[in-house]
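One letter stands for each residue in the lines below.
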Amino acid sequence: CLKLWPQPSTYKTVMVESSEAALEVAFRPLAILETEDGAWCYLGGTPQEVAGQSDALGGHSVEGLEWPDPILGDIVVSIRVPPSDLRTVIEGLGGRRPYVAQFGVGETTVGFNIGDIDLLVDLRTSAEGLGGALVVTEAPVDFYDEFDPWGTPPQTLRIQQRLIAGFDPGRIVNPGRLPGGI
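Residues numbered from 1 in each chain as written. Predicted model: local features only at pLDDT ≥ 70, side-chain atom pairs only at ≥ 80, totals over all residues. Heavy atoms only, no water.

**Digging into the overall build of the protein chain**
The following threshold applies: The helix count covers DSSP runs of H or I at least four residues long, the strand count covers runs of E at least two residues long, and both are numbered beginning at the N terminus. Type-normalised accessible area, obtained with a 1.4 Å probe on protein chains alone, sets the label of each residue: buried when under 20%, exposed when over 50%, and partly exposed for intermediate values. By the convention used here, residues are in contact when the closest approach between their heavy atoms is within 4.5 Å. Throughout, the Shrake-Rupley method with a 1.4 Å probe supplies accessible areas, and for residues the shown protein chains are the sole cover considered. Counted as positive: Lys and Arg. Counted as negative: Asp and Glu, with His and the chain ends omitted from the count. Note that the charge is assigned to NZ on lysines, CZ on arginines, CG on aspartates and CD on glutamates.
Helix and strand content of the protein chain: five helices and eight strands. Secondary structure elements in the protein chain, listed N-terminal to C-terminal, are β-α-β-β-α-β-β-α-β-β-α-β-α. Across its three principal directions, the C-alpha atoms of the protein chain cover 55 × 45 × 25 Å. Taking all 182 residues of the protein chain together, the buried fraction comes to 35%. Taking the intrachain contacts of the protein chain between residues at least 6 apart in sequence as the baseline, contacts between residues at least 24 apart amount to 63%. By element, 55% of the accessible surface of the protein chain is carried by carbon and sulfur atoms, the whole surface being about 10900 Å². Placing the 12 positive and 25 negative side-chain charges of the protein chain at their respective mean positions leaves the two points 10 Å apart.

Below is the structure:
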């Protein structure tokens, strides 16, 4: 089944007070993102649809899509949890550190310094306790010697091993770089 949506003719970025409230009010938003500086709802559709949703959200809005800057840091991680637990992750970051949280998706991208390894361990334990994961997406090469980029291997590890054995039996593509060292 393939479903196609037309390209929106109008886009708007609306600053909102609450990401959770925006998720309840907005109908099929392009994204609801929160950073350490605030929260935004990204809308696309016909001019009437976008204006109606923007009015319902009630925040300051600008024409077009003003995406947050990419996360920078010595180490960048993706913390993935059930969407209902995203606020728990944000609160667990403890203070101002660069992040972008995707509401309705359950993913937070966070930047860290090399010395934050104890915090990374705590955040991974918390994420895995919520049924999620903390995955390192950017780090210096030597960092991977002291911190597994994937964390606890998923329950589907055997399925992944069989897929790799079928498609890459010689382990030519990224050997040892996937979860569980496969």
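So, next bit.
**What about the packing of aromatic side chains?**
In plain terms, the rule: Here the aromatic set is Phe, Tyr and Trp, taking the six-membered ring for Trp, and pairing holds for ring centres within 6.5 Å; pairs whose planes are under 30 degrees apart are stacked, those over 60 apart are edge-to-face, and all others are tilted.
Applying the stated criterion to the full structure yields three aromatic pairs. Taking the centre distance of 6.4 Å and the plane angle of 70° together, the rings of phenylalanine 143 and tyrosine 144 count as edge-to-face. Judged by its relative accessible area of 2%, phenylalanine 143 falls in the buried class. Taken together, a centroid distance of 5.5 Å and an interplanar angle of 35° make the contact between phenylalanine 143 and phenylalanine 147 tilted. For the pair formed by phenylalanine 143 and phenylalanine 147, the shared burial category is buried.

**A closer look at the side chain of threonine 35**
What counts is decided by this rule: Counted as a polar contact is a pair of N or O atoms within 3.5 Å, where, for protein atoms, one must be capable of donating a hydrogen and the other of accepting one, and residues adjacent in sequence contribute only when both atoms are in side chains.
Here threonine 35 shows up in strand β2 (residues 31-35). Judged by relative accessible area, threonine 35 falls into the buried class, the value being 10%. For threonine 35, the side chain forms a polar contact with the main-chain nitrogen of aspartate 37, separated by 3.0 Å.

**Thoughts on the pattern of salt bridges**
Put simply, the test is: In what follows, salt bridge is the name for a side-chain nitrogen of Lys or Arg lying within 4 Å of a carboxyl oxygen of Asp or Glu.
The tally for this structure, following the rule as stated, stands at six salt bridges. Across the salt bridge formed by glutamate 63 and lysine 12, the nearest N and O atoms sit 3.5 Å from each other. Highlighted residues: glutamate 63 in strand β4 (residues 61-63) and lysine 12 in strand β1 (residues 10-16), separated in sequence by 51 residues. Note on lysine 12: relative accessible area 13%, which makes it buried. The partner of aspartate 116 in a salt bridge is arginine 97, with the nearest N and O atoms 3.3 Å apart. Of the two residues, aspartate 116 sits in the loop between β7 (107-112) and α4 (117-129) while arginine 97 sits in the loop between α3 (86-92) and β6 (99-102), which places them 19 residues apart along the sequence. An identical accessibility class is assigned to aspartate 116 and arginine 97; each is buried. Residues participating in the shared-partner salt-bridge network are Glu20, Glu34 and Arg87.

**Looking at the environment of threonine 109**
Among the structural elements, threonine 109 can be located in strand β7. Along the chain, threonine 109 and valine 135 lie 26 residues apart, while their C-alpha atoms are 9.6 Å from each other. Here threonine 109 is in contact with Ile71, Val76, Val77, Pro98, Tyr99 and Val100, once residues within four sequence places are set aside.

**Overview of the sheet that holds β1**
Hydrogen bonding along the main chain pairs the strands of a sheet, whether they run parallel or antiparallel. Selection criterion: Pairing between two strands requires that DSSP report at least two bridges joining them. Lines fitted to C-alpha atoms define the axes, with helix axes restricted to the stretch in contact, and inter-axis angles between N-to-C directions lie between 0 and 180 degrees.
Pairing is antiparallel in the open sheet, where eight strands are placed in the order β4-β1-β3-β2-β6-β7-β5-β8. Each end of this open sheet is capped by a strand with a single partner; those strands are β4 and β8 (133-138). Direction aside, the axes of adjacent strands within the sheet are offset by 20° on average. Judged from the four bridges that link them, β6 and β7 form a sheet pairing that is antiparallel. Looking across to β7, one finds that valine 100 is bridged to threonine 109. Strands β1, β3 (38-45) and β4 of the sheet are contacted by helix α2 (residues 47-57), whose axis makes an angle of about 155° with β3. In the packing of α4 onto the sheet, the strands contacted are β5 (75-80), β7 and β8, and the crossing angle to β8 comes to about 135°.

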